[in-house]
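# Chains, contacts and geometry: an overview
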Amino acid sequence: RSPLMIGGDMRNLDFSYQIIINPEILEIHSTSYNNTFISNNNNQTIYRADHQLQSDWSYVALFNLNDNVNVTINTQVHIISGGRGNVCAIRDLVAGQEVGHVSYELIVDLLPHASSVYRLYNCVS
């Protein structure tokens, strides 16, 4: 595995620091595979990956790369779940809390330069 690297304003790392020490985020770095770039449209980027040990877990990371524009990212659950299903339980890994279930589409609003990372699991068709 490659080292985990971060860039940014080192004087202002409060939020970033909380992410880089988050055990659930670090777990992605050490246990993911099938890491796949899904899309990059209008500065909206989506990546997904699977967990090596938990065969029903998928990860999805959504990024707003715009400087000044809020965006709504909409993606199909069966794609980001790796074809495991259209309805999945979902956990927000940055917030560290269960979100509930997502059905057919994941819709996320993001501020400029914001991102979200989720775990999808217990998926069914």
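Everything quoted here is computed from the prediction, not taken from an experiment. (Residues numbered from 1 in each chain as written. Predicted model: local features only at pLDDT ≥ 70, side-chain atom pairs only at ≥ 80, totals over all residues. Heavy atoms only, no water.)

## Overview of the nonpolar core
Counted only if it meets this: Residues enter a nonpolar core if they are buried and are Ala, Val, Leu, Ile, Met, Phe, Trp, Tyr or Cys, with the set joined through side-chain atoms within 4.5 Å. Relative accessibility thresholds used throughout: buried, under 20% of the residue-type maximum; exposed, over 50%; partly exposed, between the two (1.4 Å probe, protein chains only). Secondary structure elements follow DSSP: runs of H or I of four or more residues count as helices, runs of E of two or more count as strands, with numbering from the N terminus. Contacts are residue-level and defined by heavy atoms, with any inter-residue pair within 4.5 Å sufficient.
Counting 16 residues, the largest nonpolar core has Val60, Leu62, Val102, Leu106, Tyr118 and Leu120 as its most contacted members. Secondary structure elements with two or more residues in this core: strand S3 (58-64), strand S4 (71-76), helix H3 (77-80), strand S5 (87-92), strand S7 (105-110) and strand S8 (115-124). The contact partners of Val60, leaving out residues within four places of it in the chain, are Ile46, Tyr47, Arg48, Ile80, Leu106, Ser116, Val117 and Tyr118.

## Some words on unusual backbone geometry
Here Asn43, not a glycine, exhibits a phi torsion of approximately 65°, which is positive. As for its placement among the helices and strands, Asn43 is situated in the loop between strand S1 (32-41) and strand S2 (44-51).

## Structural notes on the environment of Thr72
Put simply, the rule reads: Polar contacts, as counted here, are pairs of nitrogen or oxygen atoms within 3.5 Å of one another; within protein the pair requires one atom able to donate a hydrogen and one able to accept it, and residues that are adjacent in sequence qualify only if both atoms are side-chain atoms.
Mapping Thr72 onto the fold places it in strand S4. Ignoring anything within four residues of it in the chain, the contact list for Thr72 reads Gln44, Ile107, Val108 and Asp109. Within the structure, Thr72 has its side chain in polar contact with the side chain of Asp109 (distance 2.5 Å).

## Digging into the confidence of the model for the protein chain
For clarity, the cut-off: Confidence scores here are pLDDT values: one per residue, from the predictor, ranging 0 to 100.
Across the protein chain, the average pLDDT comes to 88, with 86% of residues at 70 or higher. Across the protein chain, the element-wise mean pLDDT spans from 68 in helix H1 (residues 14-20) up to 97 in S5.

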